[in-house]
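Structural characterization, general
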Amino acid sequence: MQSYASAQLASPGTYFQTAAFCCLVAVVLIRAGRVWRRPARGLLAPDEPVRVESAPVPAPASVPAPASAPVPRDRTAGRVYLCFGWFLVLGTVVNLVNGVRSAWG
């Protein structure tokens, strides 16, 4: 019987850098997807008030919007961003596993 050695495709550092980048992009996409699925919210700070010279001023995004259904196109875009974000979470896990295997062996 022949034994085959596994081929190392990249260094452990490359796997860990790729995992960190995938994780960062995944967090941004999941955050954007969750915000865009809800109506009348800002992307960066949906519920935080704006401060002007230490006096809180409510942000336009935190003002209650009239009761209306969210735009279907925005909800669809939010779902697409969520799917891509969770796909990149899977990529993060795969790269972490490959980095650990590459460092050990």
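All figures in this text were calculated on a predicted structure; none of them were measured in a lab. (Residues numbered from 1 in each chain as written. Predicted model: local features only at pLDDT ≥ 70, side-chain atom pairs only at ≥ 80, totals over all residues. Heavy atoms only, no water.)

Quick word on the overall build of the protein chain
Assigned secondary structure in the protein chain consists of 2 helices and 2 strands. The secondary structure elements of the protein chain, listed N-terminal to C-terminal, are α-β-β-α. Looking at the protein chain as a whole, 18% of its 105 residues qualify as buried. Considering only residue pairs separated by 6 or more positions, the protein chain has 68% of its internal contacts joining residues 24 or more positions apart. Carbon together with sulfur atoms contributes 66% to the accessible area of the protein chain, which is approximately 8200 Å² in total. (Helix = DSSP H or I, 4+ residues; strand = E, 2+ residues; numbered from the N terminus. Buried < 20%, exposed > 50% of the residue type's maximum accessible area, 1.4 Å probe, protein only. Contact = heavy atoms within 4.5 Å. Areas by Shrake-Rupley, 256 points an atom, 1.4 Å probe, with all protein chains shown as cover.)

A look at helix H1 (residues 12–36)
Because an α-helix completes one turn every 3.6 residues, residues spaced three or four positions apart along the sequence face the same direction. If you check H1, its first and last C-alpha atoms are 36 Å apart, about what 25 residues at 1.5 Å a residue would give, namely 36 Å. Among all positions in H1, only Tyr15, Ala19, Cys22, Ala26, Leu29, Ile30, Ala32, Gly33 and Val35 are buried. For H1, the elements touching its buried residues are helix H2 (72–104). (Expected span 1.5 Å × (residues − 1).)

A short note on the side chain of Thr92
Relative to the assigned elements, Thr92 resides in helix H2. Excluding its chain neighbours within four sequence positions, the residues that come into contact with Thr92 are Ala19, Cys22 and Cys23.

Some details on the packing of H1 against H2
Put simply, H1 and H2 touch, their axes get as near as 7 Å, and they point 160 degrees apart. The orientation of H1 relative to H2 falls into the category roughly antiparallel. As for how H1 packs across H2, the hand of that crossing is left-handed. Classifying every residue of the contact of H1 with H2 gives 22 nonpolar, 9 polar and 3 charged. (Axes fitted to C-alpha atoms, helices over the stretch in contact; angles between N-to-C directions. Parallel < 35°, antiparallel > 145°, perpendicular 65-115°, else oblique. Left-handed = near helix turned anticlockwise from the far one by under 90°. Nonpolar A, V, L, I, M, F, W, Y, C, P; charged D, E, K, R; others polar.)

Describing the environment of Thr14
Mapped onto the elements of the fold, Thr14 is located in helix H1. The spacing of Thr14 and Asn95 is 81 residues in sequence and 9.0 Å in space, taken between C-alpha atoms.

Side note on the confidence of the model for the protein chain
Here the protein chain averages 76 in pLDDT, while 61% of its residues score no lower than 70. The least confident element of the protein chain, judged by mean pLDDT, is strand E1 (residues 50–52) at 51; the most confident is H1 at 92. (pLDDT = per-residue confidence, 0-100.)

Thoughts on H2
Spanning 33 residues, H2 covers 49 Å between terminal C-alpha atoms, matching the ideal 48 Å at 1.5 Å per step. Every buried residue of H2 is listed here: Gly78, Leu82, Gly85, Gly91, Thr92, Asn95, Gly99 and Ser102. For H2, the elements touching its buried residues are H1.

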